[in-house]
Amino acid sequence: MKLKIAVLAGDGIGPEIMKQGVAVMNAIAKKCGHEFEYEEALVGACAIDACGDAYPDATHDVCMRADAVLFAAVGDLKYDNNPTLKMRPETGLLAMRKKLGLFANIRPVATFDCLLHKSPLKEELLRGADFVVIRELTGGMYFGEKHQDNDMAFDTNIYTRPEIERILKVAFEMAMTRRKHLTVVDKANVLASSRLWRQIAKEMEPQYPEVTTDYMFIDNASMRVLTEPRFFDVIVTENTFGDILTDETSCITGSMGLQPSSSLGEHTPLFEPVHGSWPQAAGQNLANPLAQILSAAMLLEHFGLNKEGALVREAVNASLDANVRTPEIQVEGGKKYGTKEVGQWIVEYIEKA
């Protein structure tokens, strides 16, 4: 198979982990007879520094002519503490999602048996947890009307019926491929937008009679993903709730450096780790590349290359079992491995498979 892949490394640790993600893709291409063509582009702080725009038109053009986008992270400390800036690295991420029509963010949450001890939660709660969070990505407060002055600020949480219906359709259909259990997370006891979400979900339920659908307020859901993670199969929720909830689930895996994601919609699909740019660690060979590498596996599987994706996952699992790990998940007294070393070990595993 031939694929054109837009490579957006972004800021901070992004370039380091992206090198390992691309190296793994190249190992798969060589091993399995595929041809992957890459085109790099700027996004985030590096794009602002280069041309004054966090998501330049040239980058959008690269993404639109690609079959897929492999993205790392955006963010830089020099932008974090000035709330008056109109152009921020994260502005580029939001613009990319909006312009590419990426309305469905899919984040799998699963445990690794050899890393259960790294979670702050009890092992008996975690073992066997396996669910997917589907987050609406282009609506809600992040994109609604905004205002800020010295005395008042507001963000408008707007959702329309078509926006809600299309993300719920993704969620119901995802549930049909799994254990047929869907949890709709909202705040319908307080927010009008949530009541519309719940109304539409209930209208759609009869279209999926095999799916058991339940409803949960966000405050309850944020507690239960940590106390009863095995209860969940597929969770669907709006943009802001989903942003917070999916970061919280890093307590289940033991590290945000293990969580990949995909963003799907109207145009080019995007694949990215869920963690941020960690600018304090940039260039220090400390960052965990596994989420980036697992995002590459999701990319492969999106295009039907399931055996190839499975091989990447097998290599990642083998590296963890062999204690080839970056510092934040390494066992006490274990050998020190950096970003490059972990990536190279996985590449060599694929080559030898």
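This text follows the structure it describes.
Bear in mind the structure is a predicted one, so any value in this text is a computation, not a measurement.

**A closer look at the pairing of strand β5 (residues 130–136)**
By the criterion of burial, β5 is predominantly enclosed, with six of the seven residues buried. Pairing analysis gives seven bridges linking strand β4 (residues 104–110) to β5, with the strands arranged antiparallel. Bridge pairing in β5 links Asn105 to Arg135. One ladder, built from four bridges, connects β5 with strand β10 (residues 234–237); its direction is parallel. What sits directly across from Val133, in β10, is Ile235.

**Some details on the pairing of strand β9 (residues 212–217)**
Note on strand geometry: in a regular strand, side chains alternate between the two faces of the sheet. As defined by bridge partners, strand β8 (residues 181–186) adjoins β9 across six bridges and the pair is classed as parallel. Pairing of Val184 across the sheet is with Tyr215, part of β9. In this region the chain leaves β8, passes through helix α8 (residues 192–204) and returns to the parallel neighbour β9; the handedness of that crossover is right-handed.

**Overview of the environment of Ser255**
Turning to its location among the elements, Ser255 is positioned in the loop between α11 (250–253) and β11 (260–264). Along the chain, Ser255 and Gln148 lie 107 residues apart, while their C-alpha atoms are 35 Å from each other. Those residues in contact with Ser255, other than ones at most four positions away along the chain, are Ser250, Asn288, Glu328 and Ile329.

**Details of helix α14 (residues 339–352)**
Taking 1.5 Å as the rise per residue, α14 with 14 residues should run 20 Å; its terminal C-alpha atoms sit 20 Å apart, in good agreement. For α14, the complete set of buried residues consists of Thr339, Val342, Gly343, Ile346, Val347 and Ile350. Burial along α14 is one-sided: seen end-on, the buried residues are contained in an arc of 135°. Facing away from the buried side of α14 by more than 90 degrees, the exposed set consists of Lys340 and Lys352. Buried residues along α14 sit against α1 (14–32), α12 (290–302) and α13 (306–321).

How each quantity is defined
Residues numbered from 1 in each chain as written. Predicted model: local features only at pLDDT ≥ 70, side-chain atom pairs only at ≥ 80, totals over all residues. Heavy atoms only, no water. Buried < 20%, exposed > 50% of the residue type's maximum accessible area, 1.4 Å probe, protein only. Helix = DSSP H or I, 4+ residues; strand = E, 2+ residues; numbered from the N terminus. Pairing = 2+ DSSP bridges. Right-handed = clockwise from strand over helix to strand, strands pointing away. Contact = heavy atoms within 4.5 Å. Expected span 1.5 Å × (residues − 1). Arc of directions from axis to C-beta.

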